Amino acid sequence: MEITSSPPPVCLADFAELARSVLPPQVWDYVDGGSGSEVTLAGNRTALDRVGVLPRVLTGVATPRLRTRLLGREYAMPVGVAPMAYQRLVHPDGEVALAAAARAAEVPYLASILGSTPIEQVTATGAEVWFQLYWLRDRGLVTDVLARARDAGCRALVVTVDVPVLGRRFRDLRNAFRLPPELVAANLPGGRDDLAHGGTPGVNPVAVDSGAAFAPALRWADLRWLGEHCELPLVVKGVLDPADAVRAVDAGARAVVVSNHGGRQLDGAPASATMLPEVVAAVGGRCEVLLDSGIRGGGDVLRALALGADGALVGRPMLWALAAGGQAGANTALTLLADELRDALALAGCADPAAARDLRTVPMG
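Residues numbered from 1 in each chain as written. Predicted model: local features only at pLDDT ≥ 70, side-chain atom pairs only at ≥ 80, totals over all residues. Heavy atoms only, no water.

Caption draft 1: Seen up close, the overall build of the protein chain. Secondary structure summary: the protein chain contains 14 helices and 12 strands in total. Computed over its C-alpha atoms, the radius of gyration of the protein chain comes to 19 Å, within 12% of the 21 Å expected for a compact globule of 365 residues. For the protein chain, the spread of C-alpha atoms along the three principal axes comes to 60 × 50 × 40 Å. Taking all 365 residues of the protein chain together, the buried fraction comes to 57%. For the protein chain, the share of sequence-separated contacts (at least 6 apart) that also reach a separation of at least 24 residues comes to 73%. Accessible area of the protein chain: about 14,800 Å², with a carbon and sulfur share of 53%. Of the side-chain charges in the protein chain, 34 are positive and 39 negative, and the distance between the mean point of each set is 3 Å. (Helix = DSSP H or I, 4+ residues; strand = E, 2+ residues; numbered from the N terminus. Rg over C-alpha atoms; globule rule 2.2 N^0.38 Å. Buried < 20%, exposed > 50% of the residue type's maximum accessible area, 1.4 Å probe, protein only. Contact = heavy atoms within 4.5 Å. Areas by Shrake-Rupley, 256 points an atom, 1.4 Å probe, with all protein chains shown as cover. Lys, Arg positive; Asp, Glu negative; His and termini not counted. Charge placed at Lys NZ, Arg CZ, Asp CG, Glu CD.)

And the structure:
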């Protein structure tokens, strides 16, 4: 599918209205919405907008280099595509299209255990794939899923730790949202998500299904077990408290992702960008730190770097681009993101992402 909008998108935000125009209202709300009154969802943007980056001048930088290393591997820029469930909900090509766009952009693609395409088909695109895991109730099934991800060629394991239960999402409840019958969680054993297709008024069937499949009482001992038994680099996603970040490193994490799940879990939790500097200080260089939640462009990636992150994950804008134009839309979005980051680095006087981590930040407004 080609992007036929006039004028064409010039930034990631332009994809939002394009996506809204083609998606059914219930699907748009599922993608766009957060939990509760969406205070944390809005706070992610507010927090980033309040980060002023103090540029340096006369540094002799004309064309910054974007390439960086994450988890010991080189990528074209310090950005990854965040893990997001059921991508075929917004476009028939779903995960395959986004992964192919990530491959073309030379950035990691984080594949969700709730992906609607088998992980083997995702890695077959040639993308650098990190596999995202929710802890299943049966540890034997966890072992099976890990082996499947490893055999498929995934480069890292990302365990999400901020979903003991699914956040209460008012938009989905009002819409009586449920998954269409043809859409399944292709990476769950046996596609175990039957409950997500039914339900009763006032009950979110996706939440009911998640509650049946995922273990709500994940503990630090489980994470240590995972670190000991997983051959892939371990990334812990969903950390906000600096003390939890330290414990994650002690349990074997090579990286932590400072994230409030895009405002979709605890409404009233602080913005990810607000907690990022404290997490960076607490881990003291013992692991890599990525920022997730609220990233909407290259300027936000610069802010994340200046706050101490090694990189950032971009989520909803990639679903917008996928919905608007399939792989072509996703390709355009990642190209625009790289262009924006290159311009932001140049304007800040930085030769590369590492230099941006030495910039000062000041409060805006």
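That covers the picture; the talk isn't over yet.
Caption draft 2: Structural view of the environment of Glu74. Position of Glu74 relative to the elements: it lies in strand S3 (residues 73–75). Along the chain, Glu74 and Glu106 lie 32 residues apart, while their C-alpha atoms are 8.7 Å from each other. Residue contacts for Glu74: discarding those within four places in its chain leaves Arg67, Thr68 and Arg69. Side-chain polar atoms of Glu74 contact the side chain of Arg67, separated by 2.6 Å. (Polar contact = N/O pair within 3.5 Å; in protein donor to acceptor, adjacent residues only side chain to side chain.)

Caption draft 3: How the structure looks around the confidence of the model for the protein chain. For the protein chain, the average pLDDT comes to 93, and 92% of its residues sit at 70 or higher. Per-element confidence in the protein chain is highest for strand S10 (residues 288–291), whose mean pLDDT is 99, and lowest for helix H8 (residues 205–213), whose mean pLDDT is 55. (pLDDT = per-residue confidence, 0-100.)

Caption draft 4: A look at helix H12 (residues 298–306). For H12, a buried count of 8 out of 9 residues is recorded, marking the element as mostly surrounded by other parts of the structure. All buried positions along H12 are accounted for by Gly298, Asp300, Val301, Leu302, Arg303, Ala304, Leu305 and Ala306. One or two steps after H12, the chain reaches Gly308, where phi turns positive at roughly 115 degrees.

Caption draft 5: Here's a closer look at helix H13 (residues 316–347). Relative to the 46 Å expected for 32 residues at 1.5 Å per residue, H13 spans just 26 Å between its end C-alpha atoms, considerably shorter than the ideal helical length. Note on H13: the residue one or two positions beyond its end, Gly349, has a positive phi of about 80 degrees. (Expected span 1.5 Å × (residues − 1).)

Caption draft 6: Representation of the pairing of S10 within the structure. Judged by which residues are buried, S10 turns out to be covered on both faces: Glu288 and Leu290 on one side and Val289 and Leu291 on the other are all buried. When strand S9 (residues 255–258) meets S10, the two strands line up parallel, connected through 4 bridges. Bridged to Val256 within S10 is Val289. Where the polypeptide runs from S9 across helix H11 (residues 272–283) and back to S10, its parallel neighbour, the crossover connection is right-handed. Read as a crossover between parallel neighbours, the route from S10 over H12 to strand S11 (residues 311–314) is right-handed. (Pairing = 2+ DSSP bridges. Right-handed = clockwise from strand over helix to strand, strands pointing away.)

Caption draft 7: Fine view of the environment of Gln87. Along the chain, Gln87 turns up in the loop between strand S4 (79–81) and helix H4 (94–105). Assessed through its relative accessible area of 0%, Gln87 is described here as buried. Placed 37 residues apart in sequence, Gln87 and Ala124 show a C-alpha to C-alpha distance of 17 Å. Here Gln87 is in contact with Gly94, Glu95, Leu98, Tyr109, Ser116, Leu319 and Leu322, once residues within four sequence places are set aside. Reaching out from Gln87, the side chain makes a polar contact with the backbone oxygen of Met84 at a distance of 3.0 Å.

Caption draft 8: Spatial organisation of the environment of Ala105. Locating Ala105 in the fold gives a position in helix H4. The spatial distance from the C-alpha of Ala105 to the C-alpha of Leu334 is 6.6 Å, given a sequence separation of 229 residues. Ignoring sequence-local partners within four residues, the contact set of Ala105 consists of Ala76 and Leu334.

Caption draft 9: Inspection of the pattern of salt bridges at higher detail. In the structure shown here, the tally under the stated rule is 19 salt bridges. One salt bridge in this structure joins Arg171 and Asp32, with 3.1 Å as the shortest N-O distance. With Arg171 in helix H7 (residues 170–175) and Asp32 in helix H2 (residues 25–32), the pair connects residues that are 139 residues apart, well separated along the chain. Look at Asp32 and you get buried, because its relative accessible area is 19%. Three or more residues joined by partner-sharing salt bridges are found here, namely Asp29, Asp32, Glu38 and Arg171. (Salt bridge = Lys/Arg side-chain N within 4 Å of Asp/Glu carboxyl O.)

Caption draft 10: Structural detail: the state of the cysteines. Scanning the model with the defined rule gives 0 disulfides in all. Cys230 supplies the cysteine sulfur nearest to Cys154, a cysteine that is in no disulfide, at a spacing of 9.9 Å. Residue Cys154 is classed as buried on the basis of its relative accessible area, which comes to 5%. (Disulfide = S-S within 2.5 Å.)

Caption draft 11: Looking closely at unusual backbone geometry. Of note in this structure, Glu38 is not a glycine but carries a positive phi near 65 degrees. In this structure, Glu38 sits in the loop between H2 and helix H3 (39–49). Its identity is not glycine, yet Ala176 carries a phi of approximately 50 degrees, on the positive side. Assignment of secondary structure puts Ala176 in the loop between H7 and H8. Owing to a relative accessible area of 36%, Ala176 belongs among the partly exposed residues under this scheme.

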